Amino acid sequence: QKEVEQDPGPLSVPEGAIVSLNCTYSNSAFQYFMWYRQYSRKGPELLMYTYSSGNKEDGRFTAQVDKSSKYISLFIRDSQPSDSATYLCAMRWNKLIFGAGTRLAVHP
Amino acid sequence: GAVVSQHPSWVICKSGTSVKIECRSLDFQATTMFWYRQFPKQSLMLMATSNEGSKATYEQGVEKDKFLINHASLTLSTLTVTSAHPEDSSFYICSASMDRESEAFFGQGTRLTVV
């Protein structure tokens, strides 16, 4: 079993839709949770960083962590074509481990 | 967010030669740096974790003698691919973090092609 599971998609949605991205994990040692966005041939860009169960909102993005279920989510409201990218969840204790990444396409 | 600079952004080298990739944190001190390898359309595979002043901790299956990591200062870590071969061709990305609890910021990545 992988430490972090993430559906690779691809996920295709119309502009303006609400996007839900999810990851599950198996290692309860993970303390900190991040979501990154990566465009092709670029380094990942940090979107959200959380360290406790609950919700964190930043603009159109909401990160949700449920440590009891070992489940994290990223919601994107009012999605735009510019949101089209690969979204990676990441989790950290001593190491920083990534999910497979979900490819998202937002079409006009 | 904090800025991490990785150099070079791309490099082509001959088989058997060594290549050094630099990762610098420009506006913060990075206690911890991570090195990743990414194949096309795949996720980031952690190669090693390096803490300033200590030896790097390598992931299972990563050859320590082939991928030399040095983290001699709080703003610079280097990855040297020794005796590179075509199968080492990949996208290498570094990440830097202020401490064990902080978020990690990424460099732009280095595309290595070994011919």
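Residues numbered from 1 in each chain as written. Chains lettered and ligands numbered in written order. Predicted model: local features only at pLDDT ≥ 70, side-chain atom pairs only at ≥ 80, totals over all residues. Heavy atoms only, no water.

**Q** Tell me about the confidence of the model for chain B, and name the residues and values.
**A** Counting all residues, the mean pLDDT for chain B is 94, and 99% of those residues have values of 70 or more. Taken element by element, chain B is modelled with least confidence in strand β7 (residues 67-73) of chain B, mean pLDDT 92, and with most confidence in strand β2 (residues 10-13) of chain B, mean pLDDT 98. (pLDDT = per-residue confidence, 0-100. Helix = DSSP H or I, 4+ residues; strand = E, 2+ residues; numbered from the N terminus.)

**Q** Provide a residue-level description of the interface of chain A and chain B, including the pertinent values.
**A** The interface is formed by 21 residues belonging to chain A together with 25 residues belonging to chain B. Together chain A and chain B conceal approximately 1,800 Å² of surface at their shared face, both sides included; 52% is due to carbon and sulfur atoms. By the criterion of area lost to chain B, the three top residues of chain A are R41(A), R92(A) and L96(A), representing 29% of everything that side buries. Our enumeration of links across chain A and chain B arrives at one salt bridge. Connecting chain A to chain B are ten residue pairs in polar contact (both at pLDDT 80 or more). Those elements that place two or more of their residues in the side of chain A that touches chain B are β4 (32-38), β5 (45-50), β9 (85-92) and β10 (96-98) of chain A. The element that contributes the greatest number of residues to the side of chain A that touches chain B is β4(A), accounting for four residues. Partitioned by chemical class, the residues of the side of chain A that touches chain B number twelve nonpolar, four polar and five charged. (Contact = heavy atoms within 4.5 Å. Buried area = accessible area lost by both parts, 1.4 Å probe. Salt bridge = Lys/Arg side-chain N within 4 Å of Asp/Glu carboxyl O. Polar contact = N/O pair within 3.5 Å; in protein donor to acceptor, adjacent residues only side chain to side chain. Nonpolar A, V, L, I, M, F, W, Y, C, P; charged D, E, K, R; others polar.)

**Q** Break down unusual backbone geometry for me, with residues and values.
**A** In this model, G9(A) is joined to P10(A) through a cis peptide bond whose omega is 10 degrees. When you line up the elements, P10(A) lands in the loop between β1 (4-6) and β2 (11-14). The phi dihedral of D78(A) is positive, around 45 degrees, even though this residue is not glycine. Looking at the secondary structure, you find D78(A) in the loop between β8 (71-76) and β9. Classification of D78(A) by relative accessible area gives partly exposed; the value is 42%. The backbone phi angle of S83(B) is positive, close to 45 degrees, even though this residue is not glycine. Within the element layout of this structure, S83(B) appears in the loop between β8 (76-81) and β9 (90-97). On the accessibility criterion, S83(B) (33% relative accessible area) is partly exposed. (Buried < 20%, exposed > 50% of the residue type's maximum accessible area, 1.4 Å probe, protein only.)

**Q** Describe the packing of aromatic side chains, listing the residues and the values that go with them.
**A** Summed over all chains, the structure comprises eleven aromatic pairs over all chains. Note on Y25(A) and F30(A): the rings are 5.9 Å apart at their centroids and 75 degrees apart in plane angle, and the pair reads as edge-to-face. Per residue, the accessibility class of Y25(A) equals that of F30(A), and both read buried. Ring pairing ties together the aromatic residues Y36(A), F98(A), F34(B), Y36(B) and F106(B), which thus form one cluster. (Phe/Tyr/Trp six-rings, centres within 6.5 Å; stacked < 30°, edge-to-face > 60°.)

**Q** Talk me through the sheet that holds strand β3 (residues 19-25) of chain A; I want residue IDs and the actual numbers.
**A** Neighbouring strands of a sheet are bound in pairs by backbone hydrogen bonds; such pairs are parallel or else antiparallel. Residue and element names in this part refer to chain A. Strand order in this open sheet of five strands is β1-β3-β8-β7-β6, and the pairing throughout is antiparallel. If you trace the sheet from one side to the other, it starts and ends with β1 and β6 (54-58), each paired once. With strand direction ignored, the average angle separating the axes of adjacent strands in the sheet is 15 degrees. With six bridges connecting them, strand β7 (residues 61-66) and β8 associate as antiparallel partners. Directly across from Q64, in β8, lies its bridge partner S73. (Pairing = 2+ DSSP bridges. Axes fitted to C-alpha atoms, helices over the stretch in contact; angles between N-to-C directions.)

**Q** Give a description of the pattern of salt bridges that names residues and reports values.
**A** All names here are of chain A. All told, the structure shown has six salt bridges over all chains when counted by the stated rule. E45 is paired through a salt bridge with R37; the nearest N and O atoms lie 3.1 Å apart. Its relative accessible area of 35% is what places E45 among the partly exposed residues. Measuring nitrogen to oxygen at the nearest pair gives 2.9 Å for the salt bridge that ties D83 to R60. In this pair, D83 is assigned in the loop between β8 and β9 and R60 in the loop between β6 and β7, connecting sequence segments 23 residues apart.

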